[in-house]
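The lines below spell out each chain.
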Amino acid sequence: MLKFNGKDPIGKLIWDYQQGEKDARIEVYANLSDPDYITGKHLFRNYKEMPKLEQKALELAEGKILDVGAASGCHSINLHSKGKDVECIDISPGAVAWLQHFGLKAQQTDFFDFTYPGQFDSILMLMNGIGICGEIYELGRFFLKADELLKPGGQLIFDSSDLQYIFHETNEKILEALSPHYYGEVIYQMEYKDQRTRPFPWLFIDYQTMKEWAEAYGFKCEFIANGEHFDYLARLVKK
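Residues numbered from 1 in each chain as written. Predicted model: local features only at pLDDT ≥ 70, side-chain atom pairs only at ≥ 80, totals over all residues. Heavy atoms only, no water.

A. Structural detail: the overall build of the protein chain. A tally of regular secondary structure across the protein chain gives 9 helices and 12 strands. Taken against the 2.2 N^0.38 rule, which gives 18 Å for 239 residues, the C-alpha radius of gyration of the protein chain at 17 Å falls within 12% of a compact globule. Dimensions of the protein chain, computed from C-alpha atoms along their principal axes, come out at roughly 50 × 45 × 30 Å. For the protein chain, long-range pairs separated by at least 24 residues make up 63% of all intrachain contacts whose partners lie at least 6 apart in sequence. As displayed, the protein chain offers around 12000 Å² of accessible surface, 50% of which is attributable to carbon and sulfur atoms. (Helix = DSSP H or I, 4+ residues; strand = E, 2+ residues; numbered from the N terminus. Rg over C-alpha atoms; globule rule 2.2 N^0.38 Å. Contact = heavy atoms within 4.5 Å. Areas by Shrake-Rupley, 256 points an atom, 1.4 Å probe, with all protein chains shown as cover.)

B. Up close: unusual backbone geometry. Positive phi outside glycine occurs at Ala71, with the angle close to 55 degrees. Looking at the element boundaries, Ala71 is found in the loop between strand 3 (64-68) and helix 4 (74-81).

C. Structural context of the side chain of Gln55. Structurally, Gln55 is set in helix 3 (residues 52-60). Given a relative accessible area of 17%, Gln55 falls into the buried group. Within polar-contact distance, the side chain of Gln55 engages the backbone oxygen of Tyr47 at 2.8 Å. Not counting chain neighbours up to four residues away, the residues in contact with Gln55 comprise Tyr47, Lys48 and Met50. (Buried < 20%, exposed > 50% of the residue type's maximum accessible area, 1.4 Å probe, protein only. Polar contact = N/O pair within 3.5 Å; in protein donor to acceptor, adjacent residues only side chain to side chain.)

D. The arrangement of the pattern of salt bridges in detail. On inspection of all chains with the given rule, the structure shows 16 salt bridges. A salt bridge links Glu148 to Lys145, with the shortest nitrogen-to-oxygen separation between them at 3.1 Å. Of this pair, Glu148 and Lys145 both sit in helix 6 (residues 139-149), 3 residues apart, which is roughly one turn of the helix. The class of Glu148 is partly exposed, set by a relative accessible area of 39%. In this structure, the salt-bridge partner of Asp147 is Lys238, at a minimum N-O distance of 3.6 Å. Taken together, the residues Asp147 in helix 6 and Lys238 in strand 12 (residues 231-238) connect sequence positions 91 residues apart. (Salt bridge = Lys/Arg side-chain N within 4 Å of Asp/Glu carboxyl O.)

E. Looking closely at the packing of aromatic side chains. In the structure shown here, the tally under the stated rule is 21 aromatic pairs. Note on Trp98 and Phe102: the rings are 5.9 Å apart at their centroids and 45 degrees apart in plane angle, and the pair reads as tilted. With a gap of 4 residues between them, Trp98 and Phe102 both fall in helix 5 (residues 93-102), about one helical turn apart. Of the residues examined, Trp98 reaches a relative accessible area of 8% and is grouped as buried. On the basis of relative accessible area, Phe102 is assigned to the partly exposed category, the value being 40%. Here the aromatic rings of Tyr188 and Phe204 are separated by 6.4 Å at their centres, their planes lie at 55 degrees, and the arrangement is tilted. Placement of the pair is Tyr188 in strand 8 (residues 185-192) and Phe204 in the loop between strand 10 (200-203) and helix 9 (207-216), with a sequence separation of 16 residues. (Phe/Tyr/Trp six-rings, centres within 6.5 Å; stacked < 30°, edge-to-face > 60°.)

F. How the structure looks around the environment of Gly11. Take Gly11: it is sitting in helix 1 (residues 9-18). Placed 102 residues apart in sequence, Gly11 and Asp113 show a C-alpha to C-alpha distance of 20 Å. Excluding anything up to four places from it in sequence, Gly11 contacts Phe4, Ser92, Gly94 and Ala95.

Shown next, in the form of structure tokens:
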């Protein structure tokens, strides 16, 4: 039986949901918003249930593909079903165990620690996967890693959000919690049953700022589409 170390809400939820707990959900706490939650149903959404930005990202993914932060594998499963060559990474041991159980190529590792003998044509970082940078000044390290993993002309497809709306919709207490470095730096914590993460930083980045960083590191940043709530889809192309 799979054992959990007390710090893997995503992994625990994945297995509980698959074993019949269809109402299970993770509580999500953030310093810039009210508490929210992630449901098992959301993690296991099919293509038709995905937002249009995610559907478009999957349509654009080609060649040898790396799915970063694959979680339950809803994106990788869709790509795999179409015969595409996809590999997955995630820091959650429970998630990786599920991905491997499902038959996908998966490795438990952090994006920045991930090593691979070759390079990829496409990297997917969906559900604001760029957030793993945590802070804006980590983008430099991010671009160096992307350069290492992508083939020349390869693409990294990501979605993120511009949190500018915080300045118009929120209260003084939340405004005081804003990072002094960049307004898109958020602190999260997740909890599910006896599984609880430590507080961790997560980055939301506006398109213009990402484009400036990309150009500084020799990448081309291409806007693809806007979502329904200040979110957008874009891709970085290695020159």
